[in-house]
Amino acid sequence: MPIEITVVNVYYVGSLREKRGIWDELSEIRKSHQIKMWCVAGDFKFIKFVGERSGQSSNVSYSSEIQSFNNFIENSSLVDIPFVGRKFVV
């Protein structure tokens, strides 16, 4: 029996409030369509850890934003696949 997987491509640039809206919308789509398996790929234009942003040191102001994004990832049953290669282009 074939396995049904929904694939979503994300590339979004906007304010944090708008990004959170996209996270909520993706979560709602998954629930309303009863999607069991999905692959979300692309660029959320957001970071999971402060060190992922070039030229940024640990900054407390990012902590709640990063936590919100990490919560979205966890609550959506997503797995962040690690990047391989050069971290930043100079």
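As shown above, the structure is provided for reference.
Residue positions are given per chain, counting from 1 as you read along its sequence in written order. The predicted nature of this model means local features are confined to residues of pLDDT at least 70 and side-chain atom pairs, given and counted, to a pLDDT of 80 or more, with totals for whole chains, interfaces and linings taken over all residues. For side-chain calculations, the full set of non-hydrogen atoms in the structure is used, while hydrogens and water are omitted.

(A) Focus on the side chain of Arg30. Put simply, DSSP H or I for four residues or longer makes a helix, DSSP E for two residues or longer makes a strand, and each gets a number counted from the N terminus. Within the element layout of this structure, Arg30 appears in helix H1 (residues 16-32). Buried, partly exposed and exposed residues are distinguished by accessible area as a fraction of the type maximum, computed with a 1.4 Å probe on protein chains only: under 20%, between the cut-offs, and over 50%, respectively. Working convention for charge: Lys and Arg count positive, Asp and Glu count negative, and His plus the chain ends are omitted. Take a side-chain nitrogen of Lys or Arg and a carboxyl oxygen of Asp or Glu: if they are within 4 Å of each other, that pair is a salt bridge. Within the buried core, Arg30 has no salt-bridge partner, and the shortest N-O distance to an opposite charge, that of Glu4, equals 11 Å. By the criterion applied in these results, polar contacts are pairs of N or O atoms within 3.5 Å in which, for protein atoms, one can donate a hydrogen and the other can accept it, and in which residues neighboring in sequence qualify only through two side-chain atoms. A polar contact is formed between the side chain of Arg30 and the backbone oxygen of Ser76, at a distance of 2.8 Å. Residue contacts follow a heavy-atom distance rule, with two residues in contact if any of their heavy atoms lie within 4.5 Å. Dropping the residues within four chain positions of it, Arg30 is found in contact with Ile35, Lys36, Trp38, Ser76 and Ser77.

(B) Seen up close, the pairing of strand E1 (residues 6-11). Bridge analysis of E1 against strand E2 (residues 38-43) gives 6 bridges, and the strand direction is parallel. Paired with Val10 across the bridge in E2 is Gly42. With the strands aimed away from the viewer, a crossover counts as right-handed if its path from the first strand over the helix to the second runs clockwise. Chirality of the crossover, the property in question, places the unit of E1, H1 and E2 among those that are right-handed. DSSP bridges decide pairing: two strands pair if at least two such bridges lie between them.

(C) Up close: the packing of aromatic side chains. Each Phe, Tyr or Trp ring, with Trp reduced to its six-membered ring, pairs with another whose centre is within 6.5 Å; inter-plane angles below 30 degrees give stacked pairs, above 60 give edge-to-face pairs, and intermediate values give tilted ones. The final tally for this structure, using the stated rule, is 7 aromatic pairs. With 5.4 Å between their ring centres and 80 degrees between their planes, Trp23 and Phe46 make a pair best called edge-to-face. Within this pair, whereas Trp23 is found in helix H1, its partner Phe46 is found in the loop between E2 and helix H2 (63-75), the two being separated by 23 residues in sequence. Each member of the pair, Trp23 as well as Phe46, carries the same accessibility label: buried. Members of the aromatic cluster, joined through ring pairs, are Trp23, Phe44, Phe46, Phe69 and Phe72.

Coordinates in, geometry out; function isn't part of it.
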